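# Structural description and commentary
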Amino acid sequence: MDSSSLPAQLSDTFGRRFEYLRLSITDVCNFKCQYCLPDGYECNTPTDFLSLEEISTTVNAFALMGTKKVRITGGEPALRKDLLDIIKLVASVEKIQQVAITTNGYNLDRQVEKWADAGLTNLNVSIDSLDATQFKLITGDGRLQNILTGIEKAIDLGLNVKVNAVLLKSFTQKQLNQFLYWIKDKSISMRFIELMQTGDNLSFF
Ligand code: SF4
């Protein structure tokens with residue numbers, strides 16, 4: 001790669017420096033969150049996601065421009081069969097200090113140890129409800145307990161863990177208390193996120 005044409009530090013015209021890259025490696029997802037993909041993922045065109053080689057070129061270029069943290073995201077990034085190779089690749093790039101992933105956690109309990117061994121440092125998991133029935137209603141997936149087990153493992157492995165919950169119309173004081181009780185003795189950052197309004201999800205506001 002010819003690095004001579006790259007700026008030393010990625011910044012905008014306001015002088016803001018960008019040290020953090022969000023890297024979407026797929027747009028496929030296996031959940032059917034009511035506010036996102038209520039009918040599940042559908043794609044009628046051939047998929048054309050970044051290859052390992054393209055990811056390497058991209059992350060190395062950003063690292064040369066001051067990027068220190070890469071967040072691997074999707075869709076659901078854990079659906080990529082080469083995710084371990086992607087984590088290893090990103091973690092091996094000089095100057096990248098943190099490798100994060102945002103996941104729905106569907107296979108977290110089985111995979112998180114391998115991800116940590118490959119170089120993952122930060123984990124973001126989306127959990128919109130701690131009630132198994134409600135979780136299934138929102139996401140179409142019934143594996144809440146596996147996700148919670150995976151999060152416990154991630155904490156034990158020393159990963160920096162964040163949990164995101166999207167604030168939906170059905171969100172109640174009772175749910176808030178459940179979340180607060182759950183994180184009380186855990187090393188977790190909890191974030192409640194405002195739902196991005198689209199024409200399709202007005203009923204959740
Ligand atoms: S897990 Fe994320 S990407 Fe998948 S349907 Fe839910 S909100 Fe959308």
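Residues numbered from 1 in each chain as written. Predicted model: local features only at pLDDT ≥ 70, side-chain atom pairs only at ≥ 80, totals over all residues. Heavy atoms only, no water.

Across its full length, the chain carries six helices and six strands. Taken over the C-alpha trace, the chain has a radius of gyration of 18 Å; the compact-globule value for 205 residues is 17 Å, and the two agree within 12%. For the chain, with 205 residues in total, the buried portion stands at 41%. Pairs at least 24 residues apart make up 72% of the contacts formed inside the chain by residues separated by at least 6 positions. Summed over all atoms, the accessible surface of the chain reaches about 11500 Å², with 50% contributed by carbon and sulfur. With 22 positive and 24 negative side-chain charges, the chain shows a spacing of 5 Å between the two charge centroids. (Helix = DSSP H or I, 4+ residues; strand = E, 2+ residues; numbered from the N terminus. Rg over C-alpha atoms; globule rule 2.2 N^0.38 Å. Buried < 20%, exposed > 50% of the residue type's maximum accessible area, 1.4 Å probe, protein only. Contact = heavy atoms within 4.5 Å. Areas by Shrake-Rupley, 256 points an atom, 1.4 Å probe, with all protein chains shown as cover. Lys, Arg positive; Asp, Glu negative; His and termini not counted. Charge placed at Lys NZ, Arg CZ, Asp CG, Glu CD.)

Okay, the nonpolar core next. If you look at the biggest cluster of nonpolar residues, it comprises 53 residues, and the most contacted ones within it are Ile 72, Val 90, Trp 115, Leu 123, Ile 127, Ile 151 and Trp 182. Ignoring anything within four residues of it in the chain, the contact list for Trp 115 reads Ala 78, Leu 83, Leu 84, Ile 87, Ile 101, Thr 103, Asn 107, Leu 108, Leu 120 and Leu 123. (Core = buried A, V, L, I, M, F, W, Y, C linked by side-chain atoms within 4.5 Å.)

In this section: the site of the ligand. Neighbouring the ligand are the residues Cys 29, Phe 31, Cys 33, Tyr 35, Cys 36, Leu 37 and Asn 104. Here the residues of the shell around the ligand are counted per class, giving six nonpolar, one polar and no charged. (Near = heavy atom within 4 Å. Nonpolar A, V, L, I, M, F, W, Y, C, P; charged D, E, K, R; others polar.)

Before going further, it helps to spend a moment on the sheet that holds strand E6 (residues 188-194). If you walk across this open sheet you meet the six strands as E1-E2-E3-E4-E5-E6, and the pairing is parallel. Single-partner strands in this sheet number two, and they are strand E1 (20-24) and E6. With strand direction ignored, the average angle separating the axes of adjacent strands in the sheet is 20°. Note that strand E4 (residues 122-126) and strand E5 (residues 160-167) share five bridges and pair parallel. Bridge assignment links Asn 122 to a residue of E5, and that residue is Asn 160. Sheet strands touched by helix H2 (residues 83-92): strand E2 (69-73) and strand E3 (98-103). Its angle to E2, the strand with the most contacts, is close to 170°. (Pairing = 2+ DSSP bridges. Axes fitted to C-alpha atoms, helices over the stretch in contact; angles between N-to-C directions.)

Once that is clear, we can look at the state of the cysteines. Under the definition given, this model contains zero disulfides. Unpaired in this structure, Cys 43 has its nearest cysteine sulfur neighbour in Cys 29, at a distance of 14 Å. We classify Cys 43 as partly exposed; its relative accessible area is 35%. (Disulfide = S-S within 2.5 Å.)

On to the layout of surface pockets. Its volume calculated, the largest pocket comes out at about 860 Å³. In this structure, the largest pocket is lined by 34 residues; those nearest its centre are Tyr 35, Cys 36, Thr 102, Ser 126 and Val 166. Of all elements in the fold, only E1, E2, E3, E4, helix H4 (132-139), E5 and E6 reach the threshold of two or more residues within the lining of the largest pocket. Among the elements that take part in the lining of the largest pocket, E6 stands out by supplying three residues, more than any other. Here the residues of the lining of the largest pocket are counted per class, giving 14 nonpolar, twelve polar and eight charged. (1 Å grid on protein atoms, 1.4 Å probe; cavity = no way out; pocket = protein on both sides within 12 Å on 5 of 7 lines; lining within 4 Å. Points joined across faces, edges and corners; volume = space filled by probe spheres on them.)

Tracing the chain through its elements places Thr 73 in strand E2. Judged by relative accessible area, Thr 73 falls into the buried class, the value being 9%. In this structure, Thr 73 is in contact with Arg 22, Leu 23, Ser 24, Ile 25, Thr 26 and Thr 102, ignoring residues within four places of it in sequence.

Okay, the pairing of E5 next. Across seven bridges, E5 lies against E6 in parallel orientation. Within E6, the residue paired with Val 163 across the bridge is Met 190. Note that the unit made of E5, helix H6 (residues 173-183) and E6 has a crossover that is right-handed. (Right-handed = clockwise from strand over helix to strand, strands pointing away.)

With respect to the helices, strands and loops of the structure, Arg 16 is situated in the segment before E1. Expressed as a C-alpha distance, the spacing of Arg 16 and Ile 96, which sit 80 residues apart in the sequence, is 19 Å. With residues up to four places along the chain from it excluded, the contact list for Arg 16 reads Leu 10 and Ser 11. At 2.6 Å, the side chain of Arg 16 and the side chain of Asp 12 are in polar contact. (Polar contact = N/O pair within 3.5 Å; in protein donor to acceptor, adjacent residues only side chain to side chain.)

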